[in-house]
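Residues per chain, in single letters:
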Amino acid sequence: DIPRLETLLKMLQIWLRDTAIIHFGSNEQVINRDKIETLEKMAQSFDSKHLIEAANSIDEAMRQINSNVNLGLLFVNLLLNLSGLLNKKKEAQNV
């Protein structure tokens, strides 16, 4: 349902925000301090461009929630986008 999906997307936004804060070198403002090690690993998996693209993907999903879209497909599409962004960084490291 819509409220649960909105909550999940907000949690993803906070997680991504924390990842960006760590990526850009400041751990002081991290909300999820108990997950700092996981966030640090995630921050290493994204470059700046991909962090921005990931944030944009989440923002777009938030905008689409209240329109006439299939919520399951919306969420699957978001996860595929985020996964693709993570894989771009890994592929670039392997080249």
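Criteria and thresholds
Residues numbered from 1 in each chain as written. Predicted model: local features only at pLDDT ≥ 70, side-chain atom pairs only at ≥ 80, totals over all residues. Heavy atoms only, no water. Helix = DSSP H or I, 4+ residues; strand = E, 2+ residues; numbered from the N terminus. Contact = heavy atoms within 4.5 Å. Areas by Shrake-Rupley, 256 points an atom, 1.4 Å probe, with all protein chains shown as cover. Polar contact = N/O pair within 3.5 Å; in protein donor to acceptor, adjacent residues only side chain to side chain. Buried < 20%, exposed > 50% of the residue type's maximum accessible area, 1.4 Å probe, protein only. Axes fitted to C-alpha atoms, helices over the stretch in contact; angles between N-to-C directions. Parallel < 35°, antiparallel > 145°, perpendicular 65-115°, else oblique. Nonpolar A, V, L, I, M, F, W, Y, C, P; charged D, E, K, R; others polar.

**Some details on the overall build of the protein**
No. 1: A tally of helices and strands in the protein yields four helices and zero strands.
No. 2: For the protein, the succession of helices and strands along the chain, N to C, is α-α-α-α.
No. 3: The C-alpha extent of the protein, read off along each of the three principal axes, is 40 × 35 × 15 Å.
No. 4: Pairs at least 24 apart in sequence give 60% of the contacts found in the protein among residues at least 6 apart.
No. 5: With the model as given, the accessible surface of the protein reaches about 6300 Å², and the carbon-plus-sulfur share is 53%.

**Considerations on the side chain of aspartate 18**
No. 1: One can find aspartate 18 in helix H1 (residues 2–23).
No. 2: Within the structure, the side chain of aspartate 18 is placed 2.8 Å from the side chain of asparagine 32, a separation counted as a polar contact.
No. 3: If we skip the residues at most four places from it in the chain, aspartate 18 touches Gln29, Val30, Ile31, Asn32 and Leu39.

**Re the environment of aspartate 59**
No. 1: Here aspartate 59 is to be found in helix H3 (residues 48–64).
No. 2: As a C-alpha pair, aspartate 59 and leucine 9 span 50 residues in sequence and 8.6 Å in three-dimensional space.

**Points about the environment of isoleucine 36**
No. 1: Within the secondary structure, isoleucine 36 sits in helix H2 (residues 36–45).
No. 2: Along the primary structure isoleucine 36 and leucine 51 are separated by 15 residues, whereas in three dimensions their C-alpha atoms are 17 Å apart.
No. 3: Among residues more than four places away in sequence, those in contact with isoleucine 36 are Ile22, Asn27 and Val30.

**A few points about the side chain of threonine 19**
No. 1: With respect to the helices and strands, threonine 19 occurs in helix H1.
No. 2: By relative accessible area, which is 0% here, threonine 19 ends up buried.
No. 3: Beyond its immediate stretch of four places on either side in the chain, threonine 19 contacts Leu39, Met42, Ala43, Phe46 and Leu51.

**Concerning the packing of H1 against H2**
No. 1: Running from amino to carboxyl end, H1 crosses H2 at an angle of 70 degrees, the nearest separation of the two axes being 8 Å. Comparing their axes, H2 and H1 come out roughly perpendicular. Of the residues in H2, those touching H1 at Trp15, Asp18, Thr19, Ile22 and His23 are Ile36, Thr38, Leu39, Glu40, Met42 and Ala43.
No. 2: Tallied by class, the residues present in the contact of H1 with H2 amount to six nonpolar, three polar and two charged.

Purely spatial values, then, with no claim about function.
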